[in-house]
Every structure is written in C-alpha cells, then in structure tokens.
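# Architecture at a glance
Residue strings, one per chain:
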Amino acid sequence: MYILTSKNEDRVNGQIVNAVLQLTSEPITIGVCVNQNNLTHEFIEKSRVFTISVLSEDAPMNLIGNFGYKSGRDTDKFEEISCSTGENRCPTVLDSVVACLELELISQMDMGSHTLFVGKVVNGDILSDENPMTYAYYHNVRGGRSPKSAPHYVEADIRTEGAGRMNRHVCKVCGYVYTPEEGDEDAGIKPGTVFEDLPDDWICPTCGVSKDEFEKQE
Ligand code: FE
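What this report covers is the structure whose coordinates are included nearby.

About the criteria used
- Residues numbered from 1 in each chain as written.
- Predicted model: local features only at pLDDT ≥ 70, side-chain atom pairs only at ≥ 80, totals over all residues.
- Heavy atoms only, no water.
- Helix = DSSP H or I, 4+ residues; strand = E, 2+ residues; numbered from the N terminus.
- Contact = heavy atoms within 4.5 Å.
- Buried < 20%, exposed > 50% of the residue type's maximum accessible area, 1.4 Å probe, protein only.
- Pairing = 2+ DSSP bridges.
- Axes fitted to C-alpha atoms, helices over the stretch in contact; angles between N-to-C directions.

Residue placement: N66 occurs in helix 2 (residues 61-68). With sequence-adjacent residues up to four places away left out, N66 is seen in contact with K77 and I81.

This is the structure in structure tokens:
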C-alpha cells in the first residue's frame, strides 16, 4: 500500500495506490497504475513528476481513508499530514511511511480505466525499518476494502459479505458494512453491539468518516 503524490504548479495532491512495481534496475524504473478520473492523474500528466511513499503495517485507517476515499478536488488532503518536499518538488508523506521514491515520468500507457505511468527514480530514502503494508495485510488483517476507483475493484467485494444479516449499516463513502454480529473489535466494540449503541465518536474503520455517513441497509 502506497501514497502516490504529485503537484501542479503550487498545488499538491495524493492518493492511495496498490499497483506499484519495479520494472528495471538500470536505470531504476517503477510502474504505477492510476485511475484516469483522479486529480493525481491530471497532476502527473501536467508536472511529469511524482513520489511514492510506502506505508507501514501500522498505518492508521484514517490516514488511508484520507488519501483513498476523498478527492483532492473538494478537500485539502494534506491539512493534517506531516510532509517534506522532495528534489522533484512533490510532497513526501512522513507519517507511517517506511520508504519513499521520487520519480520523473518517462513513459505512460493508456490501459482503459487506468494509465500505467512509468517513472525513473531520481531520489529515495528509507525512513523506518517497520514492515511495509501489503494489500493482503490491509484487506485480511486490517479489514480494509477497495474504492470503486481501484484497478482490481469488484462489486462483490462489498455487497456479498454478510448477505442476509439484519440491521446492517453501510458507509456511504467507502462501502464498509457494520454488522452487530461482528462489532468492531479494533475500536473496542464488542460483537452484539447494535449500530444505534455505537459511541458518537465511533468512526468508519475503513475510511474514517463519522456515524452520520452511514445508512441502514434494507
Ligand atoms: Fe467508510
């Protein structure tokens, strides 16, 4: 799991990506897939620079929610995020990040819904020796889900889980489903707790929004 950032003149933006791979070693090149509707996609095409920050396993879900489930078109994702500015002038996220790669765009391929951007690494750093977060860890251990803009999103990812259960509430932002049978043990909510009894400061474990953003699933 990674935070991909880019810039456009004096504006910056970033998003979560999970489709990142090293392509060559001489020079070191990296491929990353980005949804063509995303603001970060527009910024990369304009500035031709981007930075990839590698998230650690302990990255909080609201950090992932901030970059993965909001749009930079209507929110400043960097408002409460500590960053540095790289040699490529893109922001490097410093919270819960184990390493960063600064890149210059050298090629791109239209893949339909997404563009495969290929960048040459111009700078990089290791920021901690913690484990990087794989998508499998995010999904299986942390219970994370994928937004519709993800390269591998499938409708069944969200809609078939727990089918037939009563009193389910769905997050309108990310699709996370709260069920009393499961509770939210990471937040100290025991199984058997109905949605109405969740504390007012309870937040969506996937994207970090408040209870107000949930609706009952009929
Ligand atoms: Fe959510």
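The α-helix advances 3.6 residues per turn, and as a result positions three or four apart in sequence lie on the same side. For helix 2, the tally of buried residues reaches 7 of 8 residues, placing the bulk of the element in the interior. Those residues of helix 2 that are buried lie in contact with strand 1 (2-8), strand 2 (11-17), strand 5 (49-55), strand 7 (91-93) and helix 3 (135-141).

Once that is clear, we can look at the sheet that holds strand 2. With antiparallel pairing, the 7 strands of this open sheet are ordered in space as 2-1-5-8-9-4-3. Looking along the sheet, the strands with just one partner apiece sit at the ends: strand 2 and strand 3 (20-25). The mean angle between the axes of side-by-side strands here comes to 35°, regardless of whether they run parallel or antiparallel. The sheet strands contacting helix 1 (residues 39-47) are strand 1, strand 2, strand 4 (28-35), strand 5, strand 8 (97-110) and strand 9 (114-126), and the helix crosses strand 1 at an angle near 55°. Relative to the sheet, helix 2 contacts strand 1, strand 2 and strand 5, its axis offset from that of strand 2 by approximately 120°.

With respect to the helices and strands, E42 occurs in helix 1. Overall, E42 belongs to the partly exposed group, its relative accessible area being 29%. Along the chain, E42 and N13 lie 29 residues apart, while their C-alpha atoms are 9.9 Å from each other.

As a further point, take unusual backbone geometry. Note the cis peptide between E26 and P27, where omega equals 0°. With respect to the element layout, P27 can be found in the loop between strand 3 and strand 4. In this model, E9 sits at a positive phi of 55°, which is unusual for a non-glycine residue. Take E9: it is sitting in the loop between strand 1 and strand 2. Residue R89 is not a glycine yet carries a positive backbone phi of 70°. Position of R89 relative to the elements: it lies in the loop between strand 6 (83-85) and strand 7. Here R89 falls in the exposed class, since its relative accessible area comes to 53%.

Here the focus is the pairing of strand 8. Relative to strand 8, strand 5 runs antiparallel, the two being bridged by 7 bridges. Within the sheet, the bridge partner assigned to I52 lies in strand 8 and is L101. Sheet analysis places strand 8 next to strand 9, joined by 11 bridges and oriented antiparallel. Bridged to E102 within strand 9 is N123. Between strand 8 and strand 9, which follow one another and run antiparallel, lie 3 residues, and G112 among them has a positive phi close to 100°.

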